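Coordinate inspection notes
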Amino acid sequence: MTGPGIDPKQLRVSDDERSHVLALLEKATGRGLIDLAEYSRRSEQVIVSRTRADLNAVLVDLPGLKLAGRSVSDATTATRRTDAVGPGYSGAPAARAAPVMELTGWGSRSFRGHWLVPAHIVIGGFGASTRLDFSQATLTSSSVVVEFRSNFGGSTELVLPRGGTVRFDGLTMRGGSVNNKIPPGGGGVLDLHLTGLKTGGSISVRHPRAGLFGR
């Protein structure tokens, strides 16, 4: 219910709507409408967006891409029908995915549900909280590199699907802590390789929690 005095553009947005707009930005990058630097900047705006007007500001100059006036269910259904091919790695890279996703700046950023995972993710920023949940994501490669670059403090939480593995041989920690709950072995579902330098803060890696609301 929006009520007679509420502009739909001022409605608060959900994580599903943010994920939908991120998928649209990935599509725009694949079509050459924006470059990787612009994709990174706009993605940061999406993550901190609070209203539909905020999200539309990210899309306003991209032909045919708009969110205002659509319901949450319409937006998420369209994303899953046209952009998502199901969780896991399909066996062939998705051409529409940006090759590198850069998460910089400060604040909280979270990716979960049916989002499209590039083969290389860069995590930077000061005191930022980052959560990447790969358990239901669509992978463009069976191997994903998460690189820490100019990353100071803050927490990083990585949620791997059952059968996923994680490697730390390319990662340097200066202070801070690493909490890995992924057992060795795995079924080759996802090979996550952590690289780069993280100064302070924490990294935790785990499987989805058991239970009805486990994430």
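Residues numbered from 1 in each chain as written. Predicted model: local features only at pLDDT ≥ 70, side-chain atom pairs only at ≥ 80, totals over all residues. Heavy atoms only, no water.

Under an unreviewed UniProt entry, the name given to the chain is DUF1707 domain-containing protein, and the organism recorded is Nakamurella panacisegetis.

Right, let's get into the overall build of the chain. When its secondary structure is counted, the chain shows 4 helices and 13 strands. Sequence-distant contacts in the chain: of pairs separated by 6 or more residues, those separated by 24 or more amount to 68%. For the chain, the exposed surface amounts to about 10300 Å²; the carbon and sulfur share of it is 55%. (Helix = DSSP H or I, 4+ residues; strand = E, 2+ residues; numbered from the N terminus. Contact = heavy atoms within 4.5 Å. Areas by Shrake-Rupley, 256 points an atom, 1.4 Å probe, with all protein chains shown as cover.)

Within soluble globular proteins, side chains that are nonpolar generally end up buried alongside one another. Formed by 38 residues in total, the largest nonpolar core has its most connected members in Trp115, Ile121, Leu132, Phe134, Leu160 and Leu192. Counting residues per element, this core draws most heavily on helix α1 (residues 15-30), which supplies 5 residues. Setting aside residues no more than four positions away along its own chain, Trp115 makes contact with Met101, Ile121, Leu132, Asp133, Phe134, Ala137 and Thr138. (Core = buried A, V, L, I, M, F, W, Y, C linked by side-chain atoms within 4.5 Å. Buried < 20%, exposed > 50% of the residue type's maximum accessible area, 1.4 Å probe, protein only.)

This next bit is on the packing of α1 against helix α2 (residues 36-48). How two helices sit against one another is set out by the angle between their axes and by the gap between those axes. In contact at an axis separation of 10 Å, α1 and α2 are set at 170° when each is read in the N-to-C sense. Regarding the angle of α1 to α2, the classification is roughly antiparallel. Facing α1, whose interface residues are Arg18, Val21, Leu22, Leu25, Glu26 and Thr29, α2 presents Leu36, Tyr39, Arg42, Ser43, Val46 and Ile47. Its residues assigned to classes, the contact of α1 with α2 comprises 7 nonpolar, 2 polar and 3 charged. (Axes fitted to C-alpha atoms, helices over the stretch in contact; angles between N-to-C directions. Parallel < 35°, antiparallel > 145°, perpendicular 65-115°, else oblique. Nonpolar A, V, L, I, M, F, W, Y, C, P; charged D, E, K, R; others polar.)

Attention now moves to the sheet that holds strand β12 (residues 191-199). Paired through backbone hydrogen bonds, the strands of a sheet run either parallel or antiparallel to each other. Strand order in the open sheet formed by 5 strands is β2-β5-β8-β12-β10, and the pairing between neighbours is parallel. Both outer strands of the open sheet, β2 (100-103) and β10 (165-174), are each paired with one neighbouring strand and no more. Each neighbouring strand pair of the sheet contributes to a mean axis angle of 10°, computed without reference to strand direction. When strand β5 (residues 120-126) meets strand β8 (residues 143-152), the two strands line up parallel, connected through 6 bridges. Bridge pairing in β8 places Gly125 opposite Asn151. (Pairing = 2+ DSSP bridges.)

In this model, the chain carries a mean pLDDT of 77, and residues with pLDDT of at least 70 account for 76%. Segment residues 68-96: pLDDT under 50, and 53 contacts once partners within four positions in sequence are set aside and those in other chains are kept. (pLDDT = per-residue confidence, 0-100.)

What you see with β2 is a clean split: Met101 and Leu103 sit on the buried side and Val100 and Glu102 on the side with no burial. When β2 meets β5, the two strands line up parallel, connected through 4 bridges. Following the sheet pairing, Val100 is matched in β5 by His120.

Orientation of α1 relative to helix α3 (residues 52-59), taken along the N-to-C sense of each, is 5°, at an axis distance of 11 Å. Relative to α3, the element α1 is oriented roughly parallel. Seen from α1, the contacting residues are Glu17, Arg18, Val21, Leu24 and Leu25; seen from α3, they are Arg52, Leu55, Val58 and Leu59. A breakdown of the residues in the contact of α1 with α3 according to their chemical character gives 6 nonpolar, no polar and 3 charged.

The next subject is the packing of aromatic side chains. Going through the model one piece at a time under the given rule, you end up with 3 aromatic pairs. A ring pair is formed by Phe111 and Trp115, whose centres lie 5.1 Å apart and whose planes are at 40°; its orientation type is tilted. Residue classification places Phe111 among the buried residues on the basis of a relative accessible area of 3%. The rings of Phe111, Trp115 and Phe134 are connected pair by pair, giving a single aromatic cluster. (Phe/Tyr/Trp six-rings, centres within 6.5 Å; stacked < 30°, edge-to-face > 60°.)

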